[in-house]
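# Observations on the model geometry
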Amino acid sequence: MNIRIGQGYDVHAFGDGDHVMLGGVRVPHDRGLVAHSDGDVILHALCDAILGALALGDIGVHFPPSDARWKGADSRVLLRHCAALAAERGWKVGNADATVVCERPKVGPHALAMREAIAADLGVALDAISVKATTSERLGFIGREEGIAAQAVCLLVTA
């Protein structure tokens, strides 16, 4: 079996707002995210993981912040596009694993909905998608609640 592995990372600062988008899910929060698109760090990290496995650059190459088309874009559209790029090349996601790093909001209550959205967008079974969270133990910019980060890995297999 042919396989490829990719990893991705994304970070955004908190700003004005009343929610954050995480894993394709609107999560209530007392702050929003400063971003060109909707700022979904989980989906951006997953996009980078897929693009990395395909050796196609990163999310900024495919969806540049200088392009007005992506202003406020739904990151689920970006993820589906990356999955389509994989399919065009004979690959599909075997599984994906993402970790959100933040003090708040709490991810656990929304993790299942995030997994469901991601699985639907990637066309895979729910048990092929993992979303989990950790804190930075109050250290650094994440610990000071200035921003949020996510990292992701994905395995691509031949379609």
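Residues numbered from 1 in each chain as written. Predicted model: local features only at pLDDT ≥ 70, side-chain atom pairs only at ≥ 80, totals over all residues. Heavy atoms only, no water.

## Some words on the UniProt feature "site: Transition state stabilizer" (unreviewed entry) in the protein chain
Following the UniProt record, the feature "site: Transition state stabilizer" (unreviewed entry) maps to His 36 and Thr 135 here. These annotated residues cover 100 residues of sequence, and their C-alpha atoms sit far apart, with the largest distance between any two at 24.7 Å. One can find His 36 in the loop between strand S4 (32-33) and helix H1 (41-53). Aside from chain neighbours lying at most four places away, what touches His 36 is Pro 64, Pro 65, Asp 67, Trp 70, Lys 71, Gly 72 and Ala 73. Separated by 3.2 Å, the side chain of His 36 and the backbone oxygen of Pro 65 make a polar contact. (UniProt positions renumbered as here; feature names shortened; annotations may be inferred. Helix = DSSP H or I, 4+ residues; strand = E, 2+ residues; numbered from the N terminus. Contact = heavy atoms within 4.5 Å. Polar contact = N/O pair within 3.5 Å; in protein donor to acceptor, adjacent residues only side chain to side chain.)

## Comments concerning helix H4 (residues 111-122)
Its twelve residues place the ends of H4 16 Å apart at the C-alpha level, agreeing with the 16 Å of an ideal helix rising 1.5 Å per residue. Within H4 the residues assigned to the buried category are Ala 111, Met 114, Ala 117, Ile 118, Ala 119, Asp 121 and Leu 122. Turning to H4, the residues buried within the fold contact strand S2 (19-22), strand S3 (25-28), H1, helix H3 (75-88), strand S5 (91-101) and strand S6 (129-134). (Expected span 1.5 Å × (residues − 1). Buried < 20%, exposed > 50% of the residue type's maximum accessible area, 1.4 Å probe, protein only.)

## Some remarks on the packing of H1 against H3
It is at 9 Å that the axes of H1 and H3 come closest, and there the two elements cross at 15°. Considered as vectors, H1 and H3 are oriented roughly parallel to each other. Crossing handedness for the pair H1 and H3: left-handed. Of H3, the residues touching H1 (which contributes Leu 43, His 44, Leu 46, Cys 47, Ile 50 and Leu 51) are Ser 75, Arg 76, Leu 78, Leu 79, Cys 82, Leu 85 and Ala 86. In the contact of H1 with H3, the residues fall into ten nonpolar, two polar and one charged. (Axes fitted to C-alpha atoms, helices over the stretch in contact; angles between N-to-C directions. Parallel < 35°, antiparallel > 145°, perpendicular 65-115°, else oblique. Left-handed = near helix turned anticlockwise from the far one by under 90°. Nonpolar A, V, L, I, M, F, W, Y, C, P; charged D, E, K, R; others polar.)

## Considerations on the nonpolar core
Soluble globular proteins tend to bury their nonpolar side chains together. The biggest cluster of nonpolar side chains holds 47 residues, and the ones touching the most others in it are Leu 22, Ile 42, Ile 50, Ile 118 and Leu 122. Looking at this core element by element, the count peaks at ten residues for H1. Ile 50 has contacts with Leu 79, Cys 82, Ala 86, Val 93, Leu 122, Cys 154 and Leu 156, leaving out every residue within four places of it along the chain. (Core = buried A, V, L, I, M, F, W, Y, C linked by side-chain atoms within 4.5 Å.)

## Focus on the environment of Phe 14
Among the structural elements, Phe 14 can be located in strand S1 (residues 3-15). In sequence terms Phe 14 and Ala 84 are 70 residues apart; their C-alpha atoms lie 30 Å from each other. With near-sequence residues (within four places) excluded, Phe 14 lies in contact with Val 20, His 29, Arg 31, Gly 32, Leu 33, Val 34, Arg 104, Glu 145, Glu 146, Gly 147 and Ile 148.

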